Amino acid sequence: MALGRLGKRTEKGSDESTEKGAGKESAAAAAPAKRGGSSMSVAALRSRVGTLVWTVFVLLALVLAVGALLIAIDANRDNALVSAVLDLADGVDLGVFSRENGIREFDGSNAETKNALFNWGLGAVAYLVVGRLLERVIKP
């Protein structure tokens, strides 16, 4: 029994010394992290802002794409949701990618559908490109 107790004491003692040594090492490793903590928070902030910018630009592109789809399938414009999406897409197109006076104006049959698909589609692609570029500039 004495050996068993001695073995336990030895194991306990070695565990305690290992834990104490590990505590010193982790405290030493934590010290440099505290000194550089401000740079880590700036990098984390830049990463979050970059992700937020990318998300906003993707949502703007999605509004234009859904608006073009609603025009293409000839959705009921008396529906509140359809009219809300189309109004939002008209605001998001910035006038440059407008259906009425956009980059390209089609005439003839299905001109409204062609204008919406071309101009709003081009606007959606532009939002995605600009959003990705801004995200790359902002993120560290």
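The structure presented is a predicted model; accordingly, all values stated were derived computationally and were not measured.

What counts and how
Residues numbered from 1 in each chain as written. Predicted model: local features only at pLDDT ≥ 70, side-chain atom pairs only at ≥ 80, totals over all residues. Heavy atoms only, no water. Helix = DSSP H or I, 4+ residues; strand = E, 2+ residues; numbered from the N terminus. Salt bridge = Lys/Arg side-chain N within 4 Å of Asp/Glu carboxyl O. Buried < 20%, exposed > 50% of the residue type's maximum accessible area, 1.4 Å probe, protein only. Core = buried A, V, L, I, M, F, W, Y, C linked by side-chain atoms within 4.5 Å. Contact = heavy atoms within 4.5 Å.

With reference to specific residues and values, describe unusual backbone geometry.
Despite not being glycine, aspartate 74 shows a phi value in the positive range, around 55°. Relative to the assigned elements, aspartate 74 resides in the loop between helix 2 (37–72) and helix 3 (80–92).

Tell me about the pattern of salt bridges, residues and numbers included.
Where charged atoms of side chains with opposite charge meet at close range, the side chains can pair. The final tally for this structure, using the stated rule, is three salt bridges. Between glutamate 112 and arginine 77 there is a salt bridge; the shortest N-O distance is 2.9 Å. Taken together, the residues glutamate 112 in helix 4 (residues 111–138) and arginine 77 in the loop between helix 2 and helix 3 connect sequence positions 35 residues apart. On the basis of relative accessibility, which here comes to 40%, the residue glutamate 112 falls in the partly exposed class. Owing to a relative accessible area of 36%, arginine 77 belongs among the partly exposed residues under this scheme. The partner of glutamate 135 in a salt bridge is lysine 139, with the nearest N and O atoms 3.3 Å apart. Classification of lysine 139 by relative accessible area gives partly exposed; the value is 28%.

Break down the nonpolar core for me, with residues and values.
The biggest cluster of nonpolar side chains holds 18 residues, and the ones touching the most others in it are Leu64, Leu70, Leu86, Trp120 and Tyr127. Residue assignment for this core shows that the elements contributing at least two residues are helix 2, helix 3 and helix 4. The element best represented in this core is helix 2, accounting for eight residues. When near neighbours in sequence (up to four residues on either side) are disregarded, tryptophan 120 contacts Leu64, Gly67, Ala68, Ile71, Leu86, Ala89, Asp90, Asp93, Phe97, Arg99 and Asn115.

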